[in-house]
Amino acid sequence: LALAATACGSDDESGGSKSSGELSGTVTWWDTSNVGSEDKVFKKIAEGFEKKHPKVDVKYVSVPFGDAQNKFKNAAQAGSGAPDVIRSEVAWTPEFADLGYLAPLDGTAALKNQDDFLKQAVASTKYDGKTYAVPQVIDSMGIFYNKKLFKDAGVQPPASIDELKSVSEKIKDKTGKTGLYLRGDDSYYFLSFLYGEGGDLVDAADKKVTVDNAAGVKAFGVVKDLVDSGAAKTDATDGWENMMQSFKNGDVAMMINGPWAVADTLTGKEFSDKGNLGISTVPAGSAGQGAPQGGHNLAVYAGSKNLDASYAFVDYMTSVEAQAQVAGELNLLPTRTSAYSKQQAVDSEIVQFFKPVVETAVERPWIPETGSLFAPLNTEYTNVLTGQTTPEKAAKATGDSYRKLLKGWK
Ligand SMILES: C[C@H]1O[C@H](O[C@H]2[C@H](O)[C@@H](O)[C@@H](O[C@H]3[C@H](O)[C@@H](O)[C@@H](O[C@H]4[C@H](O)[C@@H](O)[C@@H](O)O[C@@H]4CO)O[C@@H]3CO)O[C@@H]2CO)[C@H](O)[C@H](O)[C@@H]1N[C@H]1C[C@@H](CO)[C@H](O)[C@@H](O)[C@@H]1O
């Protein structure tokens, strides 16, 4: 890859910047954040970078989350059309790094005060002993609930699957509404149920596929029963839209979701008084309680022609000030410890709720294949919820797919 010589100074061989003068040129940034809610704030912060560096022009490109991973891989592979900076989801980062598409950031201006980052947020940015991204947001999941519906039904947030079912039954009796919207087209929304039965997708330490063990079968049975019993409603497609509309319109009393859903939720008629939005921990299963860890990093494309400005942009967008603003305006979780004591983060009930949740969230193995575990799981999960397959068959089919993906794993 040709190392870029910026307009004012050149990068030395290591990619570190020796340019003494002002940064200049363009930085194209692919942002995957939700359009209409999150994107506005990230754009605003990026404009602050341009004010600080008047000779740099940030080209903001909004790329849907569902398209960005493949779009970036295709562009990087073709060597044309890739952005300078990409918002790289935690599972994409090890894969992009493994493919050589990301610039190592150690020793560059992108990485400042590394010790300030939460260790579980840093984990997905490290690959083969190098740092390939900077953590921007970290997240996990909880039960979002409609306090008015809960009051009308005389119920409290459910702490277990059994309580989830009894609470849903009371809500149905008293208000006619369905208790839970369970997203059916994205198996990330299955993980808290899998962890609740003591299961997991894989055991990376033992290089063992575990999604098809007894706990995995049981977990598929739990979510199937939630739908079959009427405690939850689901859809095989357009899950995000249907879940958000149902909850925002008060058609369901609960959804399991994460901080990235808050800004959009608060635009719903049921939550014009944001005090009506309650949030609680995901229900425990028969073996325990756990929610998944997700989030997003900012990474620099290895073939960027403007590494210096890209490093500076990544540093700026993940700074304490930027993270505090994002916590205040979007209720997203900082990845810097120091950001949690900033007033905007302290004042956010959502951030304060999720802080201990992300500290105990279940981490996935940050290996290049981690992101690829969801496509086969999505198929089986959706088919279980729509009655097209059984928990036993779904677990087995998923396990078989994983053993094809993870060469040599048991
Ligand atoms: C299937 C996909 O499986 C995995 O994704 C996992 C992911 O690894 C999990 O961590 C989890 O992500 C959380 C996330 O952590 C959490 O923050 C939130 O993100 C918010 C943002 O916060 C919000 O700002 C906004 O952006 O919107 C975001 C989304 O709401 O919610 C996410 C969960 O939705 O769950 C993902 C699964 O969804 C793979 O990584 C691929 O993405 C794969 N898709 C490709 C697979 C290709 C081959 O089939 C196919 O050809 C391609 O077309 C498909 O693109």
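Residues numbered from 1 in each chain as written. Predicted model: local features only at pLDDT ≥ 70, side-chain atom pairs only at ≥ 80, totals over all residues. Heavy atoms only, no water.

Between its first and last C-alpha, helix α15 (residues 374–385) extends 16 Å over twelve residues, near the 16 Å set by a 1.5 Å rise per residue. Among the residues making up α15, those that are buried are Phe374, Pro376, Leu377, Glu380, Tyr381, Thr382, Val384 and Leu385. In this structure, the buried side of α15 is in contact with α7 (191–196), α8 (214–228) and α16 (391–405). Trailing α15 by a residue or two, glycine 387 shows a phi angle of about 75°, which is positive. (Helix = DSSP H or I, 4+ residues; strand = E, 2+ residues; numbered from the N terminus. Expected span 1.5 Å × (residues − 1). Buried < 20%, exposed > 50% of the residue type's maximum accessible area, 1.4 Å probe, protein only. Contact = heavy atoms within 4.5 Å.)

Once that is clear, we can look at the packing of helix α6 (residues 161–175) against α8. α8 packs onto α6 with a crossing angle of 5° between their chain directions and a minimal axis gap of 11 Å. The angle between the axes of α6 and α8 places the two elements in the roughly parallel class. Where α6 approaches α8, its residues Ile161, Leu164 and Lys165 are matched on the opposing element by Val222, Asp225 and Leu226. Partitioning the contact of α6 with α8 into residue classes produces four nonpolar, no polar and two charged. (Axes fitted to C-alpha atoms, helices over the stretch in contact; angles between N-to-C directions. Parallel < 35°, antiparallel > 145°, perpendicular 65-115°, else oblique. Nonpolar A, V, L, I, M, F, W, Y, C, P; charged D, E, K, R; others polar.)

Next up on the list: the pattern of salt bridges. In the structure shown here, the tally under the stated rule is 17 salt bridges. Between lysine 248 and aspartate 264 there is a salt bridge, with its nearest N and O atoms 2.6 Å apart. With lysine 248 in helix α9 (residues 239–248) and aspartate 264 in helix α10 (residues 262–265), this pair connects stretches of sequence that are 16 residues apart. Using a relative accessible area of 8% as the deciding quantity, one classes lysine 248 as buried. Its relative accessible area of 17% is what places aspartate 264 among the buried residues. Each of Arg183, Asp185 and Asp186 takes part in salt bridges that share partners, so that together they form one network. (Salt bridge = Lys/Arg side-chain N within 4 Å of Asp/Glu carboxyl O.)

On to the site of the ligand. Residues in close proximity to the ligand total 24 residues, the closest being Thr32, Glu38, Gly66, Glu89 and Asp139. Within the side chain of glutamate 89, an N or O atom sits 2.3 Å from an oxygen atom of the ligand. Tryptophan 92 is positioned such that a nitrogen or oxygen atom in its side chain is 3.0 Å from an oxygen atom of the ligand. Cavity membership is defined here by more than half of the atoms lying within 2 Å of grid points; on that basis the ligand lies in the largest pocket. Elements represented by at least two residues in the shell around the ligand include exactly α2 (65–78), β3 (85–89), β14 (294–300) and α15. Here the element with the most residues in the shell around the ligand is α2; it accounts for four residues. (Near = heavy atom within 4 Å. Polar contact = N/O pair within 3.5 Å; in protein donor to acceptor, adjacent residues only side chain to side chain. 1 Å grid on protein atoms, 1.4 Å probe; cavity = no way out; pocket = protein on both sides within 12 Å on 5 of 7 lines; lining within 4 Å. Sits in = over half its atoms within 2 Å of the grid points.)

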